[in-house]
Amino acid sequence: MTAARARRYLQGALLAVATALALTFALLPIVWLAGTSFKSPGEFTSRQPTILPREFTTMHYQLLWAEGFPRRLQNSLIVTVGATLVSLVVAFGAAYALTRFRFPAKLDVLFLFWVLLVKMVPPIVIAIPLYQVLRLLGLLNTLPGLIVVYQVYTLPYCIWLLLGFVRDVPIEIEEAAAIDGASTWQTIQRIVFPLIAPGLVATAIFSSILAWNEFLYALLFVHSPALFTLPIHIANYITEHETLWGRLMGIGLLSSLPVLILSGFIQRYLIRGFAMGLK
Amino acid sequence: MTIGRWTRLVGCALVALVLALPSALAQPSGNLVIAGRDGVFGEALGLATGWFAEENPGVTIELLRLPYAGLYENLVISLRERSGAFDVVMLDDTWAPEFMAAGWLRDLEAAGMAINPGFVRSALDASRYPFAEGPLFAVPHVGNVLLFAYRTDLFEQYGLERPGSWTDVLAAAQTISEQADGVHGVVFRGIRGNPIVTGFLPLLWAYGADIIDADGRAAFDSPASVAAMETFLALKAFAPVGVEVYNASEVRDALQRGVAAMAIEIWPSWIPALDDPAVSEVVGQVEIMPAPGQVAGPSPMLGSWLLGVAADARNPQTAQAFLEFVTSDEIQRRLALEVGLPPTAEGPYMDAEVVARYRWYPAQLEALQNARARPRIPEWSQVESILGDYLQFVLIGQMTPQQAVPEAHRRIEAALRR
Amino acid sequence: MLHRTQNLTRILLLLPALVLLAALTIYPLVTVVYYSFFDYHYVRGFEGFVGLDNYRNLLGDLFFTVSVRNTLVFALLATSSQLLLGLAFALLFNRPFRGRQLFVPLMILPMILSTMVVSAIWRAWFHYDFGFLNNVLRAVGLEGVRWLFDPGIALYSIALVDLWQWTPMVFLILLAGLQSIPGEYYEAARIDGANGFQVLTSITLPLIKGHLFLAALLRTVDAFKLFDKVYALTGGGPGISTESVSTYIYREGFRYFNVGTASAASIIMLAVALTLTLVYAGQVLRGQRR
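Residues numbered from 1 in each chain as written. Chains lettered and ligands numbered in written order. Predicted model: local features only at pLDDT ≥ 70, side-chain atom pairs only at ≥ 80, totals over all residues. Heavy atoms only, no water.

J.: Explain the overall build of chain A residue by residue, including any values.
T.: Looking only at helices and strands, one finds twelve helices and zero strands in chain A. Ordering the α and β elements of chain A from the N terminus gives α-α-α-α-α-α-α-α-α-α-α-α. With 279 residues in all, chain A has 59% of them scored as buried. Intrachain contacts of chain A at a sequence separation of at least 6 include 73% that bridge at least 24 residues. On chain A, roughly 11700 Å² of surface is accessible, and the fraction owed to carbon and sulfur atoms is 68%. (Helix = DSSP H or I, 4+ residues; strand = E, 2+ residues; numbered from the N terminus. Buried < 20%, exposed > 50% of the residue type's maximum accessible area, 1.4 Å probe, protein only. Contact = heavy atoms within 4.5 Å. Areas by Shrake-Rupley, 256 points an atom, 1.4 Å probe, with all protein chains shown as cover.)

Right, here's the structure in full:
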């Protein structure tokens, strides 16, 4: 074996090890989460580092289910789907208007800059006035109220992402339709939507992940136990008195499964979404 | 025609009576939302709500179990908004002045609730606003009084006497930490906020100091306060590693596993587990007493939890019925036996079965009857938070007691002035 | 952009976004500025105009200034460590190898989880007596680390959690950047005899400068908002070593109900965030290739 070949083998081996280490770094805590959710209570105070349960049990999941998990799951679903739908509709309108129509005095650039700024504002800064806005509208401590305030998170992202997707639709296609006598609404409906359908889906999933995981506003604007979303429910398990690890990890896994599955579909778009920030 | 009119009137009255009677005799019904604590308090309310629902099939109950700070925030926001989110609320006696002054709780005596005549006076006083004199806005539910625990076997082994003062406590802690293998002299809750302040207050009072004086002004800046803080800091050397973030579960665990010889703060609900062989390795070896004095005699600190009916409750009648139920002698007796929840009425303390199970209950009752309440100011939450922060600074070594006391005093003053 | 400007349609399409954003951002911001000049308590109501007093008190308040320092230290540390590790991962995964298609989606799983779930895992791992990390350390003969209750370490522990959760985002951005570099550049460099390190510094890094700045911008702004992790892991302690600006505002506004003070602190926080944004945005815009 020549020195060059040996070095290449060594390089290859090192890279393989490095890759394995990288994957372990990313995945070990998640695997541990899953494993611990099935461990028997006695194993939590063990001084041995373990990942898989020695004594498998599903008791934590049973307790979780009985302690109100389904209701919180439902709340999270309602808020997430609601917020995403609203954002998609509103953002699509904005994205289409911005890319297809001429605006005077660079208003469109200004609008986009504003959208960027909204992304940068720390959510707590506007929490108190938002609280009062919700109170005035009678939406405090309601799920629709959360759907409204979540627009602060989801709308800017949706506008940015849909902007890129709409821009990608060649103008010639729409012009052809216009020549054939189609109105704007018909064009949107029959031509644009189908073409950006995958983009819509990706944006929807992206926005859903944001809304699903949101914590601060759910904490501040909802105080009835029946209306808690999953992140708040999880925080309650990190309680003052016991760190109920079995249930904590179980609910962590349960509430992550939907987003974990969805993310598989949008991995391509996540990359694209971030590259889009440059355009 | 006069007869006809009279007949009609009487007829109407009878009809009205017949219609009203069912609701007057009505079983409690509807949905009841209860905001309570987690941990053993959550267990107790869970049991009690279950029993109540059995006896009143028309009632559905939603019980929320929250940690200390979470419950406080939740209650302030929803009571202030009058959102009707809760019917029954559980509150620490220190939150009572704030909640009651703001009119967030129902006047129970005026609403015709049956009040248990056996309530311990000190706890009942704290349920009134103004303290001891005003209307009754809540009823005592958990007869918590702060106690002190030490290991009789270890004390005997090293020739120590039952501590009569905090100086004794320090000396004993030092002896045991140095000589006993794997045992720390003392354990306490060091995590910032309500826990560290609660552990510290008996010490502060024992040195004759106080946070608020009789006129409601800040009185924390005194040599006695500094001395108390110095003793508190000195205890850390004989406590387990990490005591600065210890909360209830860590303290209880340390006691039960036998690695701590003394607990300067122990609550009645923690004690039963010490005599339970399933979780404790020190069965029968822990003695309970009021926290020692130093300059001033022992003054056991009242830490009762109250139950009130929210002013904006959606179902106040059922809420009231539940309060009567859960504070009755019988239910308090059952809760004491099942989960070790300390009663607030004298009856259960005298019950033979209870005393047989919990040998220290007579001492606990006496402590409760002589309990001293924390300052009755609406701003207590903020004052406690300030004190907790500065205690933590001292505990982790970022400040000396000499620096911390005047600064804490200034901030407390500012908080009271608002 | 060759449509006839159909005024009504374009306004109708844009209007909902305009209205929502105005209601949710402009109105609240104006209100926060307004409140910051008053002594306003949530329960007791307005208690007088105090001008700049709230701001002055904040800047002189140790609790606030320490929280600002903590937040900036955290943001800087988190961003730089994530940039380094993300770059390493991106370089590693930029080479084609079997299974790469499967592995990249796996690498980004941490950032998909909610911060509460992430905090739950690491809270258990950081436990001094029974946590996974200390168990591993003790198994190899080392001492346990006081992850969350040593005031000198706690903030770094939280940065470690952030590193785990968000390196995947940097990884994705940088990987996209790397993959847009044409292979000919590397070949030309190899022909010229450049070694790996020279290729990295002279070709790769300059070509992905825009992506690096974007990643730095996004992570810094995000890290600045630190709240969830502190809430779940330390509550701001021990002492105030993990108190962040967001947790400070939360305590003042939603625990003590001093709305005036909380509003002033919010404005200060916003000013710092905007400054950071503008600095970075300038770099990103300059780094763009058009």
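J.: With reference to specific residues and values, describe the nonpolar core.
T.: Core analysis: the biggest nonpolar cluster contains 334 residues, and Ile-159, Tyr-217 and Phe-221 of chain A together with Phe-99, Trp-166, Ile-211 and Phe-322 of chain B have the highest contact counts within it. At 14 residues, helix H8 (residues 154–179) of chain C tops the list of elements feeding residues into this core. Setting aside its immediate chain neighbours within four residues, Phe-221 of chain A contacts Ala-127, Leu-130, Tyr-131, Leu-134, Leu-140, Asn-141, Leu-146 and Val-149 of chain A. (Core = buried A, V, L, I, M, F, W, Y, C linked by side-chain atoms within 4.5 Å.)

J.: I'd like a rundown of the interface of chain A and chain C, residues and numbers included.
T.: Taken together, the contacts link 92 residues of chain A with 95 residues of chain C. In total, about 8700 Å² of surface goes out of reach between chain A and chain C, with carbon and sulfur atoms giving 81% of it. Scanning the region where chain A abuts chain C turns up zero salt bridges. When grouped by side-chain class, the residues that make up the side of chain A that touches chain C number 67 nonpolar, 18 polar and seven charged. (Buried area = accessible area lost by both parts, 1.4 Å probe. Salt bridge = Lys/Arg side-chain N within 4 Å of Asp/Glu carboxyl O. Nonpolar A, V, L, I, M, F, W, Y, C, P; charged D, E, K, R; others polar.)

J.: Describe the interface of chain C and chain B, and please don't skip the residues or the numbers.
T.: Counting from both sides, the interface comprises 27 residues of chain C and, opposite them, 24 residues of chain B. Where chain C touches chain B, the interface holds four salt bridges. Among the ionic pairs, Glu-73 of chain B bridges to Arg-255 of chain C, the shortest N-O distance being 2.0 Å. Applying the counting criterion to the chain C and chain B interface returns ten residue pairs in polar contact (both at pLDDT 80 or more). Breaking the side of chain C that touches chain B down by element, the ones donating at least two residues are helix H3 (62–94) and helix H13 (245–254) of chain C. With three residues, H13 of chain C is the single largest residue contributor to the side of chain C that touches chain B. Of the residues belonging to the side of chain C that touches chain B, the class tally is 14 nonpolar, six polar and seven charged. (Polar contact = N/O pair within 3.5 Å; in protein donor to acceptor, adjacent residues only side chain to side chain.)

J.: Quick one: what's the story with the sheet that holds strand E4 (residues 139–142) of chain B, residue by residue and with numbers?
T.: Residues and elements named next belong to chain B. What the five strands build is an open sheet, ordered E2-E1-E3-E8-E4; its pairing is mixed. Where the open sheet ends on each side, the last strands, each with one partner, are strand E2 (59–66) and E4. Averaged over all pairs of adjacent strands, the angle between their axes in this sheet comes to 25°, without regard to strand direction. For strand E3 (residues 88–92) and strand E8 (residues 305–309), the ladder comprises five bridges, and the chain directions are antiparallel. Within E8, the position partnered with Val-88 by the bridge is Val-309. (Pairing = 2+ DSSP bridges. Axes fitted to C-alpha atoms, helices over the stretch in contact; angles between N-to-C directions.)

J.: Before we move on, could you go through the side chain of Arg-72 of chain A and cite the residues and values that matter?
T.: Within the secondary structure, Arg-72 of chain A is located in helix H3 (residues 69–100). Buried charge without a salt bridge: Arg-72 of chain A, with Glu-62 of chain B as the nearest opposite-charge side chain at an N-O distance of 5.7 Å. Among the polar contacts made by the side chain of Arg-72 of chain A, one reaches the main-chain carbonyl oxygen of Gly-68 of chain A at a distance of 3.0 Å. (Lys, Arg positive; Asp, Glu negative; His and termini not counted.)

J.: Any chance you could break down the packing of aromatic side chains for me, citing the residues and the numbers?
T.: Enumeration according to the criterion identifies 53 aromatic pairs over all chains in this entry. Between Phe-92 of chain A and Tyr-96 of chain A the ring centres are 5.9 Å apart and the planes differ by 25°, which places this aromatic pair in the stacked class. Residue Phe-92 of chain A and its partner Tyr-96 of chain A are located together in helix H3, separated by four residues, close to a single helical turn. Like Phe-92 of chain A, the residue Tyr-96 of chain A is buried in the burial classification. Members of the aromatic cluster, joined through ring pairs, are Tyr-131, Tyr-150, Tyr-153, Phe-215, Tyr-217 and Phe-221 of chain A together with Phe-227, Tyr-231, Tyr-250 and Phe-254 of chain C. Seen from the ring of Trp-51 of chain B, Arg-334 of chain B lies directly overhead, with NZ or CZ sitting 3.9 Å from the centre. A cation over an aromatic ring shows up here: Arg-372 of chain B above the ring of Trp-205 of chain B, its NZ or CZ 4.1 Å from the ring centre. (Phe/Tyr/Trp six-rings, centres within 6.5 Å; stacked < 30°, edge-to-face > 60°. Lys NZ or Arg CZ within 6 Å of the ring centre and 35° of its normal.)

J.: Describe the pairing of E3 of chain B, with residues and values.
T.: As a general feature of sheets, a regular strand has side chains that alternate between the two faces. Residues and elements named next belong to chain B. For E3, a buried count of five out of five residues is recorded, marking the element as mostly surrounded by other parts of the structure. Neither face of E3 is exposed, since Val-88, Met-90 and Asp-92 on one face and Val-89 and Leu-91 on the opposite face are all buried. Pairing between strand E1 (residues 30–37) and E3: two bridges, direction parallel. The partner of Ala-35 across the bridge, within E3, is Val-89.

J.: Provide a residue-level description of the pattern of salt bridges, including the pertinent values.
T.: When the charged atoms of two side chains lie near each other, side chains of opposite charge can form a pair. Residue and element names in this part refer to chain B. Counting across every chain of the model gives 27 salt bridges over all chains. In this structure, the salt-bridge partner of Arg-359 is Asp-275, at a minimum N-O distance of 3.1 Å. On the criterion of sequence distance, the pair formed by Arg-359 in the loop between helix H15 (352–357) and helix H16 (361–369) and Asp-275 in the loop between helix H11 (271–274) and strand E7 (286–289) is long-range, its members being 84 residues apart. Its relative accessible area of 23% is what places Asp-275 among the partly exposed residues.

J.: Explain the packing of helix H7 (residues 151–167) of chain A against helix H1 (residues 7–35) of chain C to me, using residue names and the numbers behind them.
T.: The N-to-C vectors of H7 of chain A and H1 of chain C enclose an angle of 140°; their axes lie 11 Å apart at closest approach. Relative to H1 of chain C, the element H7 of chain A is oriented oblique. Here the hand of the crossing between H7 of chain A and H1 of chain C comes out left-handed. For the pair H7 of chain A and H1 of chain C, the contacting residues are Gln-151, Val-152, Leu-155 and Ile-159 of chain A in the first and Ala-17, Leu-20, Leu-21 and Leu-24 of chain C in the second. (Parallel < 35°, antiparallel > 145°, perpendicular 65-115°, else oblique. Left-handed = near helix turned anticlockwise from the far one by under 90°.)

J.: So what about unusual backbone geometry? Which residues, and what values?
T.: Look at the link from Tyr-129 of chain B to Pro-130 of chain B: it is a cis peptide, with omega at -5°. With respect to the helices and strands, the residue Pro-130 of chain B is situated in the loop between helix H5 (121–126) and E4. In the Ramachandran plot, Asn-141 of chain A falls in the positive-phi region, its phi being about 60° despite a non-glycine side chain. Relative to the assigned elements, Asn-141 of chain A resides in the loop between helix H5 (127–137) and helix H6 (143–149). A positive phi angle is found at Phe-257 of chain C, which is not glycine, with a value near 65°. Along the chain, Phe-257 of chain C falls in the loop between H13 and helix H14 (259–287).

J.: Hey, could you go over the packing of helix H4 (residues 107–120) of chain A against H7 of chain A for me, with residue numbers and the actual values?
T.: Residue and element names in this part refer to chain A. Here H4 crosses H7 at 135°, and the two axes come no closer than 9 Å. With respect to H7, the element H4 is oriented oblique. Our pair here, H4 against H7, has a crossing hand that is left-handed. Side by side, H4 and H7 meet where Phe-111, Leu-112, Val-115, Leu-116, Val-118 and Lys-119 of the first sit next to Val-152, Pro-156, Tyr-157, Ile-159, Trp-160 and Leu-163 of the second. For the contact of H4 with H7, the class distribution of residues is eleven nonpolar, no polar and one charged.

J.: Give a detailed account of the sheet that holds E7 of chain B, specifying residues and quantitative values.
T.: Residue and element names in this part refer to chain B. The strand order across the open sheet formed by three strands is E6-E5-E7, and the pairing between neighbours is antiparallel. Whereas interior strands pair on both sides, the edge strands pair on one side only; in this sheet they are strand E6 (262–266) and E7. On average, adjacent strands in this sheet sit at an angle of 25° to one another, irrespective of strand direction. In this sheet, E6 lies alongside strand E5 (residues 147–151) in antiparallel orientation, the contact comprising three bridges. Looking across to E6, one finds that Ala-149 is bridged to Ala-263.

J.: Now, about the environment of Val-199 of chain C: what can you tell me, with residues and values included?
T.: Residues and elements named next belong to chain C. Counting through the fold element by element, Val-199 comes out in helix H10 (residues 196–207). As for Val-199 and Tyr-186, which are separated by 13 residues in sequence, their C-alpha atoms are 7.3 Å apart. Among all residues touching Val-199, those that are not within four sequence positions of it are Tyr-186, Ala-189, Ala-194 and Thr-204.

J.: Mind laying out the pairing of strand E1 (residues 38–41) of chain C, listing which residues take part and the relevant values?
T.: Residues and elements named next belong to chain C. Residues Phe-38 and Tyr-40 of E1 are buried on one face, and the alternating residues Asp-39 and His-41, pointing to the opposite face, are buried as well. The sheet contact formed by E1 and strand E2 (residues 45–49) spans three bridges and is antiparallel. The residue bridging Tyr-40 from the neighbouring strand is Phe-46, located in E2. Between E1 and the antiparallel strand that follows it, E2, lie three residues.

J.: Let's hear about a nonpolar patch on the surface: which residues, and what values?
T.: Taken together, the side chains of Ile-11, Leu-15, Leu-18 and Val-19 of chain C make up a nonpolar region of the molecular surface, amounting to roughly 320 Å² of accessible area. Inspection of the secondary structure puts Leu-18 of chain C in helix H1. (Patch = residues over 30% accessible without salt bridge, like charges linked within 9 Å, V, L, I, M, F, W, Y side chains within 5 Å.)

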